[in-house]
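# Structural overview for review
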Amino acid sequence: TNVEIAKINLAGALLDLQSKQEAFARERAQDFHHHTFTLAGAITGSSVSQTIETLGIWSRLDGEEPKPMEIRFHSPGGEVLSGMALFDEIRRLHSRGHHITTTVLGYAASMAGILIQAGTTRVMGREAYLLIHELSSIAVGKIGEIEDMAEMMRKMQERVINIFLDRAGGKISRATFTKHWKRKDWWLSSTDCLKYGFVDEVR
């Protein structure tokens, strides 16, 4: 009957789902074992906390001996302040001798593109893209409060520019950088990023 056929199809679908879930769990376990974390999705307080917690676990293994770790980004960007917390944590671990590879898979936009610059080694997939643009925010309140927010954003933006220029190692000037990103989205291919010094390797 149609009911029996539906039950058989449902049982088959459930078995398929269970198999996929088990395969996903095995893959995640393998990544965890090999110190590889994939941050897919927006940069938020939650995703940043999860990433920092995982990096912390890895850094404390084997008596905190320096070790390689990798963060793979496939992200549209997100919260600047949350992202900067992760940026500082990556740099802190780097300063303690850990080798942190930051990798772009697909694309790393906005805050994710900034986070790529935190890595000891910055890697990009051959068909991946980086998106750089001016910082954005929503300001609500009295004129003075909005002006204060704008001033803070300008300070943060200057820090972001310096992050890119410092890691570029002289391959791009401040004038060229600001010309490209000011008031527009600046999409860069892996070839562009290697040319301007925003990544170290294309794989």
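Residues numbered from 1 in each chain as written. Predicted model: local features only at pLDDT ≥ 70, side-chain atom pairs only at ≥ 80, totals over all residues. Heavy atoms only, no water.

Scanning the chain for helices and strands turns up seven helices and seven strands. The N-to-C order of helical and strand elements in the chain reads α-β-α-β-α-β-α-β-β-α-α-β-α-β. The 203 residues of the chain split such that 40% are buried. Sequence-distant contacts, at least 24 apart, represent 68% of the contacts inside the chain between residues at least 6 apart. Total accessible area on the chain is roughly 11700 Å²; 55% of this is exposed by carbon and sulfur atoms. (Helix = DSSP H or I, 4+ residues; strand = E, 2+ residues; numbered from the N terminus. Buried < 20%, exposed > 50% of the residue type's maximum accessible area, 1.4 Å probe, protein only. Contact = heavy atoms within 4.5 Å. Areas by Shrake-Rupley, 256 points an atom, 1.4 Å probe, with all protein chains shown as cover.)

The subject of this paragraph is the environment of Leu93. With respect to the element layout, Leu93 can be found in helix H3 (residues 80–95). A C-alpha to C-alpha distance of 9.9 Å links Leu93 and Lys67, two positions 26 residues apart in sequence. Look past the residues within four positions of Leu93 in its chain and what remains in contact with it is Leu55, Ser59, His98 and Ile100.

A cluster of nonpolar side chains, namely Phe32, Ile57 and Leu61, defines an oily patch on the protein surface of about 220 Å² accessible area. Considering the arrangement of structural elements, one finds Leu61 in the loop between helix H2 (45–60) and strand E2 (68–75). For Leu61, a relative accessible area of 35% corresponds to the partly exposed category. (Patch = residues over 30% accessible without salt bridge, like charges linked within 9 Å, V, L, I, M, F, W, Y side chains within 5 Å. Salt bridge = Lys/Arg side-chain N within 4 Å of Asp/Glu carboxyl O.)

Here Ser47 lies in helix H2. In this structure Ser47 comes out as buried when scored by relative accessible area, which is 13%. Among the polar contacts made by the side chain of Ser47, one reaches the main-chain amide nitrogen of Thr44 at a distance of 2.9 Å. Among residues more than four places away in sequence, those in contact with Ser47 are Leu39 and Ala42. (Polar contact = N/O pair within 3.5 Å; in protein donor to acceptor, adjacent residues only side chain to side chain.)

Moving on to the environment of Arg167. Tracing the chain through its elements places Arg167 in helix H5 (residues 143–168). Residues Arg167 and Val199, 32 residues apart in the sequence, show an inter-C-alpha distance of 8.5 Å. In this structure Arg167 touches Arg91, Gln117, Ala118, Gly119, Thr120, Arg122, Gly197 and Asp200, once residues within four positions along its chain are discounted.

On to the nonpolar core, then. Grouped burial of nonpolar side chains is what soluble globular proteins tend to show. Within the largest apolar cluster, 45 residues are counted, with the highest numbers of intra-cluster contacts made by Phe73, Leu130, Ile132, Phe177, Trp186 and Phe198. When residues in this core are grouped by element, the largest group, eight residues, is from H5. Dropping the residues within four chain positions of it, Trp186 is found in contact with Leu130, Leu131, Ile132, Ile172, Phe177, His180, Trp181, Tyr196 and Phe198. (Core = buried A, V, L, I, M, F, W, Y, C linked by side-chain atoms within 4.5 Å.)

So, on to the environment of Ile57. For Ile57, the position within the fold is in helix H2. Relative accessible area serves as the criterion here: at 31%, Ile57 is assigned to the partly exposed category. Along the backbone, Ile57 and His35 are 22 residues apart, and their C-alpha atoms lie at a distance of 9.7 Å.

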